[in-house]
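Given next are the chains, with one letter for each unit.
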Amino acid sequence: MSIILEHQIRLEPLNQYKSEVRHLFHETFLMGRPLGFPLDEVGLYEELSLAWYLANAAHLGAVAIRDNEVVGYALVCIDPVAYDEWLAKVAKKLTRRVFARLVTFRLTTRSRKFYRLRFLDSLTVWKSRKRLPIDVGAHVHMNIKEGERSGAVALALLGHIDHVCRDHGVTSWIGEINASLGSRERALARVLGEIIAIEPNRTFTDLMGHSVNRLTVRRDL
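Conventions and cut-offs
Residues numbered from 1 in each chain as written. Predicted model: local features only at pLDDT ≥ 70, side-chain atom pairs only at ≥ 80, totals over all residues. Heavy atoms only, no water. Helix = DSSP H or I, 4+ residues; strand = E, 2+ residues; numbered from the N terminus. Contact = heavy atoms within 4.5 Å. Patch = residues over 30% accessible without salt bridge, like charges linked within 9 Å, V, L, I, M, F, W, Y side chains within 5 Å. Areas by Shrake-Rupley, 256 points an atom, 1.4 Å probe, with all protein chains shown as cover. Salt bridge = Lys/Arg side-chain N within 4 Å of Asp/Glu carboxyl O. Buried < 20%, exposed > 50% of the residue type's maximum accessible area, 1.4 Å probe, protein only. Axes fitted to C-alpha atoms, helices over the stretch in contact; angles between N-to-C directions. Parallel < 35°, antiparallel > 145°, perpendicular 65-115°, else oblique. Left-handed = near helix turned anticlockwise from the far one by under 90°. Nonpolar A, V, L, I, M, F, W, Y, C, P; charged D, E, K, R; others polar. Expected span 1.5 Å × (residues − 1). Pairing = 2+ DSSP bridges.

Explain the environment of Glu 176 to me, please; I cannot follow it from the model alone.
Mapped onto the fold, Glu 176 is located in strand β6 (residues 172-180). Excluding residues within four positions of it along the chain, Glu 176 makes contact with Val 125, Arg 129, Val 140, Arg 214, Leu 215 and Thr 216.

The following block contains the structure:
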């Protein structure tokens, strides 16, 4: 069922818009912009980032549409144990593929650096999550098109996430947001909730040319 909101924004169930979600993922790969170079094994990296939500939790997600264009999406996971088990398998598959390219000299220089930094970031995220509260019932991911980040689309998707979580008995969720160093922390805390972890994002720092942090936000409903 469609939900019509202010600012000519319409929320739709994610099921019918999977290809648009994949397209927007690539268009906003780097903090609202495309990555900017061909990434080896990009299809498998996309699978790692999206496939679980599209296959197992599409009924929980939503897309935001303005002028018949998908300008944002929200992904919701309320089964973190199943997700973590799936993620470990796909991450191993991607690691094997990248390593095979590396040892056979089929991994480009830029891809090699990207995956090396992503591996270091993954270790940081894993260590950080071990210190986070264990009473959080869901994690979410939100992505919005460049030029649509003034607030209306984000608030619409945020409202959807809260509604879905409450409907499934979830009383709190966490999400991760990338932000340039020193920016957005106060605004995010006002709108979303408590910032419970701030870690460096090595990959985005390298690609953006300035310091970027990964903020973990907890929202209690």
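Teacher, can you tell me more about a nonpolar patch on the surface here?
A contiguous nonpolar surface patch, about 280 Å² in accessible area, is contributed by Phe 99, Leu 102 and Val 103. As for its placement among the helices and strands, Leu 102 is situated in helix α3 (residues 80-103). The class for Leu 102 is partly exposed, based on a relative accessible area of 37%.

It is not clear to me how the packing of helix α2 (residues 42-56) against α3 should be interpreted in this structure. Could you clarify?
How two helices pack is summed up by the angle between their axes together with the distance between the axes. Running from N to C, α2 and α3 point in directions that differ by 170°, and their axes come no closer than 10 Å. In terms of orientation, α2 and α3 fall into the roughly antiparallel class. As for how α2 packs across α3, the hand of that crossing is right-handed. Note on element contacts: α3 touches α2 through Ala 82, Tyr 83, Trp 86, Leu 87, Val 90, Ala 91, Lys 93, Leu 94 and Arg 97, opposite Leu 44, Tyr 45, Glu 47, Leu 48, Ala 51, Trp 52 and Tyr 53. Broken down by class, the residue content of the contact of α2 with α3 amounts to 13 nonpolar, no polar and 3 charged.

What am I meant to see in helix α5 (residues 152-167) here?
Taking 1.5 Å per residue, 16 residues should reach 22 Å; α5 reaches 23 Å between its end C-alpha atoms and fits that length. Two residues or fewer past α5, Gly 169 is found with a positive phi of approximately 75°.

In this structure, what is going on with the pairing of strand β3 (residues 62-66)? I would like to understand it.
Regular strands place their side chains on alternate faces of the sheet. Along β3, 5 of the 5 residues are buried, which leaves the element largely enclosed by surrounding structure. Burial along β3 is two-sided: Ala 62, Ala 64 and Arg 66 and Val 63 and Ile 65, pointing in opposite directions, are all buried. Remark: 2 residues form the turn of the hairpin made by β3 and strand β4 (residues 69-77), two consecutive strands paired antiparallel; Asp 67 in that turn has positive phi of roughly 55°.

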